[in-house]
Each structure stands twice: as structure tokens, then as C-alpha cells.
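Overview (structure and organization)
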Amino acid sequence: MPQTALLPRPGLAADPPRPRGRFDHRRIGRRRGLVAAAVVLNQLAYGSVYSWSILSAGLQAPGSAFALGRDEAGLPFATAHALVFLGTVLGGLLMSRRPPRGIALLAGALYAGGLLVAGCAHGRQDFWLVLLGYGVISGVGLGLGYIVPTTLLQRWFPGHRALAAAVATGGFGLGSVLSAPLMRVLVAHFAGNPVRALLVLGGLFLVTTLTGAAFFRDPPRAVAAPARRGAAGGAGYRPAQALRTRQWYLLTLILFFNTAAGISMLSVIAPAAGSLTGLSPTAAAALTGALGVFNTVGRPLWGWFSGRTGLRRAFVLMLASQGLCLMALSRVASPALFLPLAALVCLSFGGGFATMPALASDFFGLAHAGGVYGLMLIGWSLAGIAGPLLVSGLAAESSYRTAFLVLGAVTLAAAVLPRLTRRPPAAAAASSDATAAMAATA
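Keep in mind the model is a prediction, meaning the values are calculated, not measured. (Residues numbered from 1 in each chain as written. Predicted model: local features only at pLDDT ≥ 70, side-chain atom pairs only at ≥ 80, totals over all residues. Heavy atoms only, no water.)

**With respect to the nonpolar core**
Judged by nonpolar contacts, the single largest core of 88 residues is most densely connected at V130, Y134, M356, F364, Y373 and M376. Ranked by residue count, the leading element in this core is helix α6 (residues 127-156), at 12 residues. Formed by 26 residues, the second largest nonpolar core is a distinct cluster that contains A272, F338, V345 and Y400. (Core = buried A, V, L, I, M, F, W, Y, C linked by side-chain atoms within 4.5 Å. Buried < 20%, exposed > 50% of the residue type's maximum accessible area, 1.4 Å probe, protein only. Helix = DSSP H or I, 4+ residues; strand = E, 2+ residues; numbered from the N terminus.)

Below, the structure is given as C-alpha cells:
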């Protein structure tokens, strides 16, 4: 029987093979964009922590069911900042053992769940529920939810670590801007019991955090770059190794001073603006909202700028500019000068959160960046407690002028710290089990 050649049927001829590399590049690009968008959506909820002052004012109102004093009203916020460190440490350690999606889902459930618990309080007798829900549960969830996307995006964009961290923390800053007007409307609506606003926010944030976290995933091995060999050998510093270096403590101090400058100013900005420039309470409240925008913009701005100046030089500029602006604020009597000076402080305050994750991974490697940077965020917790207490104490004993002058001088002096900090030597050879863990998670 004669053999017949098999010819392709008309219209069904095989398409020429698509270039594999080009296809993979496009697919990875889409995944990067999806993960970045999911990170921003996820972080919007956590930025609402900076809207606490609005709820605090409602809790102090004589007509509310709480009618708290100024010190009492600040306790949930202070507790959340004290415990955020616990969440960042936990999240950083889990990042080297578990996929990011599950950790982010847990973080969202804790943060939103804590708000729901706090929102169930009926009055002053139930204030402990606000401390437990907002301060303890949401505080841990805040730290856990902050560290995961910051580390995750650096893995997806290893060549642009500062900009990747800026996108992640920019979502956090944007959340503070968007949540402030919503919080103001809700607190006014629930004037008799303002914590009911947390029930609405808790339900909304449960949706946004879990939706964003559902798209979290680690990048393929071809995308994630290995740790810098000059910084930490092939495997990178583990948290315990990083804690044995002086560089870890210097970087934590830098983060502390950069954070303290911004958060201390923001903690008194409304009354300080009224005292120094004569701004009305309404205008001072509008100023507070405007500064939240600069805090947000500063994150991608400094993330981009640090790629051109270098990470350590960027911190020198941030600390020096904050120090000089705060010292100038102590002498300003005009609202037209007060706003731009305060805005420059907020730009650098936000920029520090975009730049420090990249600097930490540059020094200690990307392999365990979540654990190392999570420990560093004790600087954030301490700055959130000590800074506002120092400024409010100086303002009470003397004046806001003295408070800003002292804060500015200390911040300006801290600008020398990045110049004293050098990348640590290569870590000791990793143990065989650490190498195996790296291979398993690569």
C-alpha cells in the first residue's frame, strides 16, 4: 500500500512557536503589576491608624458615652504602636517559613477583627474593649500586615528595592489620606457612641485586606535576585546574625530619629499651628489632612530619589531637612510659611519608611529581609511612644516653639548617623540546614 504523506488540514496549520522568553517576560510583567496593585489595596486599611486623632476627639466630647480625658483617649493609639513591633517581628520570622498569602490573610483578619471588637463597646465602662480590640489585636495585626507586603514587593522588584518598598508603604500612606474624611463623617454620625465608626471601618477593611492578600505570591526563582554577595554572602544574614552587628543598631537608630521627627510633629500639629500662627481649629484640621498627602507622596518620591543619591545619602538629606525645617517652625508666625515647612518634614517622614527596607536588604541580603527589618521596626514603636510624649511635655512646660526647636536640633544631629554606617562584612558561612532552607524557598 502506498504511503500517503499526512498534510495539515486547511485552516489548522500549526502556528509558528512564540518566542518563549518574550512570552515569559510579558507574563511576569502582568504578575508584577497584579501583585503591586494587590499590595496597595491591602495597605489602604492599615493607614487608617493615623486617623485616630479624629476618633480620639469624639471620645473626649462631653456628649459621648465615653467623655474620656486627653490621656485616656490616647491609650489605644499608644498601645497599638507599642505592640506593632510584636507583629512585625512575627511577620518577619514567618516570611522565611510560610507563603506570604496566608500571613497577610491572618494580618487582615486580626486588624479588622480588632476594630470590630473595639466597636462593640457601649460606653466608658467598656473602654477595656477599645484597648483590647484597637490597641492589642489591631496593633499586632498592623505590624504583621505592614511587614509582609514591604518584603514581598522587594522580592518582585529586586533591582528597584527602594521604589518597591515605596509602592507598598505608599498604599499605607494613601490609606491615611482616604480614611480621615471617612472617619470624620462616621464619628459625627455616631456622636453619642463614636466607636461605632469602627464597626463600619472594620467591615470595610476586612474586605479590602483579604481581597488584596488573596493575590499575594512569591515571585518565580528567575525573578528573585540572590542577596548581594558583598553584603551578606550568598545566603544573607539571618536575624540572629544581624543582631550581632553594630550596623543593625545604627540603622534602627536612624529609623527611630527619622520617624520621631515626623510623628512627634504630627501629634501636636493642630494645636501648634493655632498657637504659633493663629490658625482657626477648622483650618488646623484641614492642615492635618493636607500633611497626610505629603506623607504619602514622600514615600514614592524618596524611593525614586534614593535610587539616584544612594540610600545612605538619602537618609542624610532626610534627617537634615527635617531638623532644619523643625527648627525653622519654632520661629514661624505666618501660616504661609508654616505649611511648606511642615510639608517638607512629612515628605521625609514618609520617605524613611520607603528607604529603610531597601537599605536593610542592601546591608543584610534579601533572603531574610523580612525578619531583619521586622526587628528594626522597634524603632517605629519607640518613636511613636517617646517622640509625642517628649514634644507634648516640652510644650506643656515651655511652648511649642521650644518643643520644635529641641526636636529639630536632635534630628539634625542624627543626620551624622548614616555617614557612620558601613555595609557589614560577609556573614559567616551558612550552616547546611540554612542552605537547605534557602534552596527550598528559592
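**Let's talk about the confidence of the model for the protein chain**
Mean pLDDT over the protein chain works out to 82, with 86% of the residues at or above the 70 mark. A low-confidence stretch, residues 1-23 (pLDDT under 50), is modelled with three contacts involving residues beyond four sequence positions or located in other chains. Across residues 226-234, where pLDDT falls below 50, the model places 30 contacts with residues more than four positions away in sequence or in other chains. (pLDDT = per-residue confidence, 0-100. Contact = heavy atoms within 4.5 Å.)

**Description of the environment of S51**
Looking at where S51 falls in the secondary structure, it is placed in the loop between α1 (20-43) and α2 (52-60). A C-alpha to C-alpha distance of 8.4 Å links S51 and V177, two positions 126 residues apart in sequence. Other than its neighbours up to four places away in sequence, S51 contacts S176, S179, A180 and M183. At 3.4 Å, the side chain of S51 and the backbone nitrogen of A180 are in polar contact. (Polar contact = N/O pair within 3.5 Å; in protein donor to acceptor, adjacent residues only side chain to side chain.)

**Things to note about the layout of surface pockets**
If you add up the space inside the largest pocket, you get close to 1,600 Å³. Around the largest pocket sit 43 residues that line it, and S53, S56, L266, S267 and V268 are the ones nearest its centre. Elements supplying a minimum of two residues to the lining of the largest pocket: α2, α3 (70-73), α4 (75-95), α7 (161-189), α11 (246-267), α12 (269-277), α13 (281-309) and α17 (378-397). No other element matches the eight residues that α13 contributes to the lining of the largest pocket. In terms of residue class, the lining of the largest pocket is built from 27 nonpolar, 13 polar and three charged. (1 Å grid on protein atoms, 1.4 Å probe; cavity = no way out; pocket = protein on both sides within 12 Å on 5 of 7 lines; lining within 4 Å. Points joined across faces, edges and corners; volume = space filled by probe spheres on them. Nonpolar A, V, L, I, M, F, W, Y, C, P; charged D, E, K, R; others polar.)

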